[in-house]
Amino acid sequence: MNINLPNFNMKNLVKEAGSTISRVVQLTEEKLGTTERTEYDLHFQSLAERADVTKSWTEKIVRDTESVLIPNPQNRVEDFIFEKIDKSKPKRLSNLEHLALNMIEAGGDFGQDMPYGQALIKVGQAEQKLGQHEHDFIATSGICFTQPLRKFLEGEMKTISKERGILETKRLDLDACKNRVKKARSMLGQQAKDGISPEAVLEQAERDLRVAQAEFDRQSEITKLLLDGISTSQASHLRHLHAFIQTQVRYYKQCGDVMEQLQRELAKMQPAKPRLRINSEDVDGPPSIASAHSFDSDTTSIALALAVESDHESDSDSAHLYRSIDIGQAKALTHLLEEFEIEFDTSAITTVIFVAECSPINEDYMYGKQGLMKGLVPRAFVEMLDDEHDVTL
């Protein structure tokens, strides 16, 4: 039986093992600070630092962008696995689409002829459109932004890292050769060892040094060219970023159009304004006002008076009849009317009291009376009415 063994070159294997040991020794001595090392030039160091920063931030940008597009980490891992095995990603419903289906189903159960059921169906259909726009946005963003950046990391950056590793190996070989040359020179004038003179050892060491220096210089130039190419890659990344922003603008515009259309459709379906009851009177206004605000009927201050002249007289002063509401009520109600743009006749929420001039006459106030309640009424809030006005007592 013939067995074909691999053709090992024992000489090269031993040489490679020796080189590896030499590198380990050199690296250890550098860490301990017992030997010198060849430093890279400032330009190369600047390029290397920029490459490290570019790699680090690009990885973070890709990771964060994917987190925004696909918030669920389990889905991201699942998509990554399907990409690696060259299979299409599974189609899954988004949260918006789940919400849309539930709203449409609920609207059907509540009744399509009922206002609430119709509104739920309309909103559910709009949410479905938003979900579809979201799917398109995720797919387009992956094509125009995250995939090119990931390709850069897995292609160009990996090549740069590999070449930098080779360069570091060449540097270790170069420094090891320099140390051997120093050691061989220090042995000049000594007796030959193992039949090899110190001069021959020095000559071999200098020959290895020249080879190591040439290989180091060659690898250094290759690595520099790759590092310089990062500027071109960043220009490409800028174009991808612009494409991503355009995609994002288009996505949000589509969502805005859907919501504006939904708002118009819901406005057409909106019923008449609900009635709000204030001080036992019905006025137009949002129902939230009634729950968010309350009026104290026990307050005794009087304002916003609408007065009418009366035939009643008291202590030779003309008595007047007017309608008023509490000043705290007036301020709160006025604020609500302005906030919700409600228009209605304020006389619908007033009561009837008597007023008369003060003695002596006061330019700012009048004297008011309502049952057992008495007090001063700001004249600025009093509007005198003609006798023809019909006042129901």
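Residues numbered from 1 in each chain as written. Predicted model: local features only at pLDDT ≥ 70, side-chain atom pairs only at ≥ 80, totals over all residues. Heavy atoms only, no water.

> Looking at this structure, how should I read the overall build of the protein chain?
Helix and strand counts for the protein chain come out as nine helices and eight strands. For the protein chain, the residues scored as buried account for 29% of the 393 residues in total. Across the protein chain, the fraction of contacts at a sequence separation of at least 24, relative to all contacts at a separation of at least 6, is 66%. Accessible surface, the protein chain: about 26600 Å² in total, of which carbon and sulfur atoms supply 54%. (Helix = DSSP H or I, 4+ residues; strand = E, 2+ residues; numbered from the N terminus. Buried < 20%, exposed > 50% of the residue type's maximum accessible area, 1.4 Å probe, protein only. Contact = heavy atoms within 4.5 Å. Areas by Shrake-Rupley, 256 points an atom, 1.4 Å probe, with all protein chains shown as cover.)

> Looking at this model, I keep getting lost on the pairing of strand β6 (residues 365–370). Mind explaining?
A regular strand places its side chains on the two faces of the sheet in alternate fashion. In this sheet, strand β7 (residues 373–378) lies alongside β6 in antiparallel orientation, the contact comprising six bridges. By the bridge assignment, Tyr365 is partnered in β7 with Pro378. As consecutive antiparallel partners, β6 and β7 are separated by two residues, and within that stretch Gly371 has a phi angle of approximately 65°, a positive value. (Pairing = 2+ DSSP bridges.)

> Got a minute to help me understand helix α4 (residues 95–110) in this structure?
Every α-helical turn comprises 3.6 residues, leaving residues that sit three or four positions apart pointing alike. Across its 16 residues, α4 extends 22 Å between first and last C-alpha, which sits within 8% of the 22 Å expected from 1.5 Å per residue. Elements in contact with the buried residues of α4: α5 (115–186). Immediately downstream of α4, the backbone of Gly111 shows phi near 115°, a positive value. (Expected span 1.5 Å × (residues − 1).)

> Can you help me understand the environment of Lys129 in this one?
Residue position: Lys129 is located in helix α5. Lys129 sits 125 residues away from Gln254 along the chain, and the two C-alpha atoms are 9.2 Å apart.

> For this particular structure, what's the right way to read the packing of aromatic side chains?
Aromatic rings in a pair are described by how distant their centres are and how their planes are angled relative to each other. Under the counting rule described, the total for this entry stands at seven aromatic pairs. Consider the rings of Phe110 and Tyr116, whose centres lie 5.4 Å apart with planes at 25°: the pair is stacked. Given a relative accessible area of 48%, Phe110 falls into the partly exposed group. When the centroid spacing of 4.5 Å and the interplanar angle of 10° are considered together, the rings of Phe137 and Tyr251 count as stacked. Placement of Phe137 in helix α5 and of Tyr251 in helix α7 (residues 230–269) is noted, with a sequence separation of 114 residues between them. Judged on exposure class, the residue Phe137 and its partner Tyr251 are both buried. One aromatic cluster is present, built from ring pairs that chain together Phe137, Phe145, Phe244, Tyr251 and Tyr252. For the cation-ring pair, Lys60 lies above Trp57, with the distance from its terminal atom to the ring centre recorded as 4.6 Å. (Phe/Tyr/Trp six-rings, centres within 6.5 Å; stacked < 30°, edge-to-face > 60°. Lys NZ or Arg CZ within 6 Å of the ring centre and 35° of its normal.)

> When you look at the packing of α4 against α5 in this model, what are you seeing that I'm missing?
Pairs of packed helices are described in terms of their axes, by the angle between the two and the distance that separates them. Contact geometry of α4 with α5 gives a least axis separation of 7 Å together with a crossing angle of 160°. Between α4 and α5, the angle is such that the two are roughly antiparallel. α4 and α5 meet at a crossing whose hand is left-handed. Here the residues of the contact of α4 with α5 sort into 13 nonpolar, nine polar and three charged. (Axes fitted to C-alpha atoms, helices over the stretch in contact; angles between N-to-C directions. Parallel < 35°, antiparallel > 145°, perpendicular 65-115°, else oblique. Left-handed = near helix turned anticlockwise from the far one by under 90°. Nonpolar A, V, L, I, M, F, W, Y, C, P; charged D, E, K, R; others polar.)

> Got a minute to help me understand the packing of α5 against helix α6 (residues 198–228) in this structure?
Contact geometry for α5 and α6: axes closest at 8 Å, N-to-C directions at 160°. The orientation of α5 with respect to α6, classified from their angle, is roughly antiparallel. The two elements α5 and α6 cross, and the hand of that crossing is left-handed. Partitioned by chemical class, the residues of the contact of α5 with α6 number 16 nonpolar, five polar and twelve charged.

> In this structure, what is going on with the pattern of salt bridges? I would like to understand it.
Pairs can form between side chains of opposite charge once their charged atoms are near each other. According to the stated counting rule, one finds 13 salt bridges in the structure shown. Between Arg37 and Glu39 there is a salt bridge, with its nearest N and O atoms 3.6 Å apart. Judged by relative accessible area, Arg37 falls into the partly exposed class, the value being 35%. The salt bridge involving Lys253 is made with Asp257; its shortest N-O contact spans 3.3 Å. A residue pair is termed a helical-turn pair when its members lie 3 or 4 positions apart in one helix, as Lys253 and Asp257 do in helix α7 at four residues. According to the relative accessible area criterion, Lys253 is exposed, its value standing at 54%. Among the charged side chains, a salt-bridge network with shared partners connects Glu168, Arg171 and Asp175. (Salt bridge = Lys/Arg side-chain N within 4 Å of Asp/Glu carboxyl O.)

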